Amino acid sequence: MRDGSEPRIGVMGATGAVGTVLRELLSDRPNVRYFASARSAGRELDGRVVEEATPAALEAGELDVCFFAVGTATSRQLVPHAVRGGAVAIDKSSAYRMDPDVPLVVPEVNGRRAVEHRGIVAVPNCSTIQLLCALKPIHDAAGLTRVRVATYQSASGAGSAAMERLRAETPDEHDLRMDWTYDGEEFDEEVKLREETRKIMELPDLPVQATCIRVPVVVGHLEAVWVETERRLSPDAAREVLAGTPGLRLDKFPSPARAAGIDDVLVGRIRRDPTVERGLAFLVAGDNLRKGAALNAIQIADLLGASVANGRRVDRSLQTDARVKRAGAR
Ligand SMILES: NC(=O)c1ccc[n+]([C@@H]2O[C@H](COP(=O)([O-])OP(=O)(O)OC[C@H]3O[C@@H](n4cnc5c(N)ncnc54)[C@H](OP(=O)(O)O)[C@@H]3O)[C@@H](O)[C@H]2O)c1
């Protein structure tokens, strides 16, 4: 960022499901430009003209922060151009998540890793983000030894086309059609949940088993979680720990409907799992487009801004700049 001036922000994929929420959350910031494919170039959104995200536009050196809310192949193609142009790319796709040189960040969990970036910070999968918001405080309190999770994921997790399809269907047309890749044993979504959890928590051997399902819900993912811990943690103690965690809200009956449209991740129905010695079972619900995507990305940008402000609190300021990148490259 140029000293003393507002960062210049680019939203790649501004017409999509995540891009729409990014636009909403960035609506009070100046210097925001919208980009999408050639199909949408020239369209007007919020009084701004959508531009085509071309390599030349990204390399022009006119952007400080680029939020990428496009598919994985498009991110692979365009992110390097944004970085070459001097921007920090905050990427929502899975293109760079498992790259050892790219921090994969949930600010409440491993925010300190963001400053290690070399131009790219990856945003985890939506189901990983809300899961880790609940797992991290439990790990800090009692040490996780095993995690099992069943997800009930909404259609919007598969993008705006899936949302439209769901809205157009009648209830008896709904099936559990998956947009995920199946290798005969696991969906790629289940592998992502495990591998991303291990990377972010820095627990490379943590046993994590997931079963992921899409359900006919428009926005909001629900997860049923079973954890085992090194030290005993009663449901009451877990409630206390979770209640004191920023970004989490205790809720008696977390559901997608209750989580949709709010920033906090909901956690509840916390109870002992009597089938194991030191086990807990609980539910987690989150808005996959907000904390699961757009909000988490903006929080990362703000974190980078805060880190260059020498500890000064910088709320929603997006002060990501070249100094952060230089620090990350060292
Ligand atoms: N939805 C979620 O809950 C969620 C959560 C976590 C992560 N993600 C990830 O976030 C990314 C975006 O997801 P989404 O759900 O917002 O998808 P989406 O609704 O399908 O939107 C895709 C966006 O990408 C744009 N795009 C497509 N091809 C492009 C190109 N060649 N150049 C520039 N822009 C292009 C589209 O623009 P046009 O309108 O011009 O086609 C559209 O704005 C994906 O990687 C997804 O896996 C999504």
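Residues numbered from 1 in each chain as written. Predicted model: local features only at pLDDT ≥ 70, side-chain atom pairs only at ≥ 80, totals over all residues. Heavy atoms only, no water.

Student: Mind showing me how you'd approach the overall build of the chain here?
Tutor: Scanning the chain from terminus to terminus reveals 11 helices and 14 strands. For the chain, the C-alpha radius of gyration of 20 Å lies close to 20 Å, the compact-globule estimate for 330 residues. For the chain, the spread of C-alpha atoms along the three principal axes comes to 60 × 50 × 35 Å. Evaluated residue by residue, the chain yields a buried proportion of 54% over its 330 residues. Between the averaged position of the 45 positive side-chain charges in the chain and that of its 47 negative side-chain charges there is a distance of 3 Å. (Helix = DSSP H or I, 4+ residues; strand = E, 2+ residues; numbered from the N terminus. Rg over C-alpha atoms; globule rule 2.2 N^0.38 Å. Buried < 20%, exposed > 50% of the residue type's maximum accessible area, 1.4 Å probe, protein only. Lys, Arg positive; Asp, Glu negative; His and termini not counted. Charge placed at Lys NZ, Arg CZ, Asp CG, Glu CD.)

Student: What is the right way to look at the pattern of salt bridges in this model?
Tutor: Working definition: two side chains of opposite charge can pair if their charged atoms are close together. Considering all chains together, one arrives at 29 salt bridges under this definition. Arginine 148 is the salt-bridge partner of glutamate 228, the closest N and O atoms lying 4.0 Å from each other. Remark: arginine 148 occurs in strand β9 (residues 144-153) and glutamate 228 occurs in strand β11 (residues 221-229); sequence separation between them is 80 residues. Among the salt bridges present, the one from arginine 278 reaches glutamate 277, with a minimum N-O distance of 3.3 Å. Using a relative accessible area of 57% as the deciding quantity, one classes glutamate 277 as exposed. Three or more residues are tied together by salt bridges with common partners; here these are Arg112, Arg113, Glu116 and Glu202. (Salt bridge = Lys/Arg side-chain N within 4 Å of Asp/Glu carboxyl O.)

Student: What's the story with helix α5 (residues 126-142) in this structure? I'm lost.
Tutor: Counting along an α-helix, one turn takes 3.6 residues, and residues three or four places apart therefore face a common direction. For α5, with 17 residues, the first-to-last C-alpha span of 25 Å sits near the 24 Å given by 1.5 Å per residue. Its maximal kink placed at leucine 132, α5 deviates by approximately 35°. Extensive coverage of α5 is indicated by the burial of 13 of its 17 residues. Two residues or fewer after α5 comes glycine 143, characterised by a positive phi angle close to 75°. (Expected span 1.5 Å × (residues − 1). Bend = angle between axes of the 7 residues up to and from the residue.)

Student: It is not clear to me how the packing of α5 against helix α7 (residues 188-201) should be interpreted in this structure. Could you clarify?
Tutor: Each pair of packed helices gets described by two things: the angle between the helix axes and the distance between those axes. Axis separation between α5 and α7 bottoms out at 10 Å; the angle between their running directions is 40°. Judged by the angle between their axes, α5 and α7 are oblique. Viewed along their axes, α5 and α7 form a crossing whose handedness is right-handed. Here α5 contributes Ser127, Thr128, Leu131, Leu132, Leu135, Lys136 and His139 to the contact with α7, which in turn contributes Glu189, Lys192, Leu193, Glu196, Thr197, Ile200 and Met201. Looking at the contact of α5 with α7, its residues break down into 6 nonpolar, 4 polar and 4 charged. (Axes fitted to C-alpha atoms, helices over the stretch in contact; angles between N-to-C directions. Parallel < 35°, antiparallel > 145°, perpendicular 65-115°, else oblique. Left-handed = near helix turned anticlockwise from the far one by under 90°. Contact = heavy atoms within 4.5 Å. Nonpolar A, V, L, I, M, F, W, Y, C, P; charged D, E, K, R; others polar.)

Student: What exactly am I supposed to notice about the confidence of the model for the chain here?
Tutor: Detailed conclusions should not be drawn from predicted coordinates in areas where pLDDT is low. Overall, the predicted model of the chain reaches an average pLDDT of 91, with 90% of residues at or above 70. In the predicted structure, residues 308-330 sits below a pLDDT of 50 and forms 55 contacts with residues beyond four places in sequence or in another chain. (pLDDT = per-residue confidence, 0-100.)

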